[in-house]
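# Summary of the model geometry
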Amino acid sequence: MHTPDVDIRTAERDDRRPPSPGLTREQPTPGGVSALPPALGVVRRAAHLPRTSWDRLAGPDNAYLATRWLDVAEDTSGAAMRYLTLTDGEGLAGALATAVAHADAPWLAGRPDTLLRLCAEEGRQGAQELAADLPGDLTDALLPGLVCGGRHLGRTTLLSRDGHDSHDATGVRLLGAAERLADEEGLRSVAFLHVDEHDTALRTLLTRRGYRSFHSEGYHWLLVPQGGFAEYLAGFSAHRRRRIGAERRAVRDAGVQIAIAPLEPADIPRFAELEATLLGKYGMSAWTPARSAAILERALGACGPDALAATARLDGEIIAFALIVVHQDRWFAHRAGFDYAAQRRLPLYFELLFYHLVEAAARAGVTVIHYGTGSGAAKTSRGCLGSGQYAYLRTAAFG
């Protein structure tokens, strides 16, 4: 879950620019895909993708690269999306989701300029050196830019039928197409902003092609024990077990009721209000409940019963929520909100997003809960595993 590093989205931008001269669409196919010799294609809408084969490439750990979530991103991110495909005699061999980032894009952790600036300020590995090698203002140097690997935070990657260990041949073709697309449309950079440290084939390929990198974030997930909360609790030290027990009692004694159920349209206005409150607490005062509502409504439309809502209620009023996206046997904690005045000092974050969620996930046969980027210390303190995320940039300024 991206809190406070919430994946910010806004209203859809109309993409009225003409197609680039190199990636022309002069031979469109009935499915909306244009052939690029010898087996490359570019698709402008997720609805026109070969959805079954694309989703097969995405697999269980890439819910935000599944076609139904690409639909959500298209309709709510305000970015022009491009999907690059590589086909062979067996069908779809590789794929790459991209988005065009402009200087007015509010998803700050998903833009190369604002992410680099933030990481440089925090002293993250490689960020200050890379920023120093760019001329003048970072926004002017890097935007508009092509953001590759998906419009989400954490584990941005290209998809390959042969898996992450075989990115080389597929990756060369897809990266070459992405770079040509950026060059021919006059974009100033190509970026993968959150490549997992274990995605070594892609990291090696990007380095070979002259991309510069810096540490951008951490990504966290929790392996759900089959024994549910009892087995989860047993994995902690005695001191931590006592603390968790005290936290659960405090929530229960306060009369807070925790539940998880399919997202209901009637709850969306309250959820939107709570998310705007959370984002305002972390300095995102321009965020409005209307933006949150639009994303929640679109997520419900795309995911249906696979959009779950974990809620905390006090005296019948919702005082906290989390949106959980179900993808195969994984759960993805996507966004959240809290009524800080109502919850006071109650540890609702841990009860809502860890203790109760682990119980419910184990009952549902879920194997992994993905918590994404942000709040790394809190997540690891409650049993999450983590991996580093690295941003990779290509721009003419690097020579």
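A few points on the structure. This is a predicted model, so every value here is computed, not measured.

Criteria and cut-off values
Residues numbered from 1 in each chain as written. Predicted model: local features only at pLDDT ≥ 70, side-chain atom pairs only at ≥ 80, totals over all residues. Heavy atoms only, no water. Helix = DSSP H or I, 4+ residues; strand = E, 2+ residues; numbered from the N terminus. Buried < 20%, exposed > 50% of the residue type's maximum accessible area, 1.4 Å probe, protein only. Contact = heavy atoms within 4.5 Å. Areas by Shrake-Rupley, 256 points an atom, 1.4 Å probe, with all protein chains shown as cover. Pairing = 2+ DSSP bridges. Salt bridge = Lys/Arg side-chain N within 4 Å of Asp/Glu carboxyl O. Expected span 1.5 Å × (residues − 1). Arc of directions from axis to C-beta. Axes fitted to C-alpha atoms, helices over the stretch in contact; angles between N-to-C directions. Parallel < 35°, antiparallel > 145°, perpendicular 65-115°, else oblique. Nonpolar A, V, L, I, M, F, W, Y, C, P; charged D, E, K, R; others polar.

## Observations concerning the overall build of the protein chain
Looking only at helices and strands, the protein chain has 14 helices and 14 strands in total. Out of the 399 residues belonging to the protein chain, those deemed buried represent 57%. Long-range contacts, defined as pairs at least 24 residues apart, comprise 76% of the intrachain contacts of the protein chain with a sequence gap of at least 6. In the form shown here, the protein chain has an accessible surface area of approximately 15900 Å², with 52% of it arising from carbon and sulfur atoms.

## Some points on the pairing of strand β2 (residues 40-43)
The side chains of a regular strand alternate, first on one face of the sheet and then on the other. Where burial is concerned, the two faces of β2 agree: the one with Leu40 and Val42 and the one with Gly41 and Val43 are both buried. As paired strands, β2 and strand β3 (residues 80-88) are joined by 4 bridges and run antiparallel to one another. Along β3, the bridge assignment pairs Leu40 with Leu86.

## A look at the pattern of salt bridges
Applying the stated criterion across every chain yields a total of 27 salt bridges. Note that Asp196 and Arg155 form a salt bridge whose closest N and O atoms lie 3.7 Å from each other. Of this pair, Asp196 sits in strand β7 (residues 189-196) while Arg155 sits in the loop between β5 (145-148) and β6 (159-160), placing them 41 residues apart in sequence. Assessed through its relative accessible area of 7%, Asp196 is described here as buried. Of the charged contacts in the structure, one is a salt bridge between Asp339 and Arg270, with a shortest N-O distance of 3.1 Å. On the criterion of sequence distance, the pair formed by Asp339 in the loop between β12 (330-338) and α12 (340-343) and Arg270 in helix α10 (residues 268-281) is long-range, its members being 69 residues apart. Here the salt bridges do not stand alone but share partners, grouping Arg45, Glu74, Asp75 and Arg298 into one network.

## Points about helix α9 (residues 238-253)
Between its terminal C-alpha atoms α9 stretches 22 Å, which fits the 22 Å expected from 16 residues at 1.5 Å a residue. Every buried residue of α9 is listed here: Arg240, Ile244, Glu247, Arg248 and Val251. Buried positions in α9, seen along its axis, are confined to an arc of 95 degrees and lie on one side of it. Along α9, the residues that are exposed and aim more than 90 degrees away from the buried face are His239, Arg242, Arg252 and Asp253. Residues of α9 that are buried make contact with α8 (228-234), α13 (348-363) and α14 (376-381). Looking one or two residues past α9, Gly255 carries a phi angle of roughly 85 degrees, positive in sign.

## Observations concerning the environment of Thr288
Note that Thr288 resides in the loop between α10 and α11 (289-303). Judged by its relative accessible area of 32%, Thr288 is partly exposed. Spatially, the C-alpha atoms of Thr288 and Thr277 are 9.0 Å apart, while their sequence positions differ by 11 residues.

## Section: the packing of helix α1 (residues 51-58) against helix α2 (residues 67-76)
In contact at an axis separation of 9 Å, α1 and α2 are set at 100 degrees when each is read in the N-to-C sense. When the axis of α1 is compared with that of α2, the two are roughly perpendicular. Here Arg51, Trp54 and Asp55 of α1 lie close against α2, whose contacting residues are Thr67, Arg68, Leu70 and Asp71. Residues of the contact of α1 with α2, tallied by class, amount to 2 nonpolar, 1 polar and 4 charged.

## Concerning the pairing of strand β4 (residues 91-101)
For β4, the tally of buried residues reaches 10 of 11 residues, placing the bulk of the element in the interior. With 9 bridges joining them, β3 and β4 adopt antiparallel strand pairing. Along β4, the bridge assignment pairs Leu86 with Gly94. Bridge count between β4 and β6: 2 bridges; the pairing is antiparallel. When the sheet's bridge partners are listed, Gly94 is paired in β6 with Ser160. Where β4 meets β5, 4 bridges bridge the pair, whose relative direction is antiparallel.

## Some thoughts on α1
Every buried residue belonging to α1 is among Ser53, Trp54, Leu57 and Ala58, and all of these are buried. The arc enclosing the buried residues of α1, seen along the axis, measures out at 150 degrees, which places them on a common side. In α1, the exposed residues that point more than 90 degrees away from the buried face are Thr52 and Arg56. One or two residues past the end of α1 sits Gly59, with phi positive at roughly 75 degrees.

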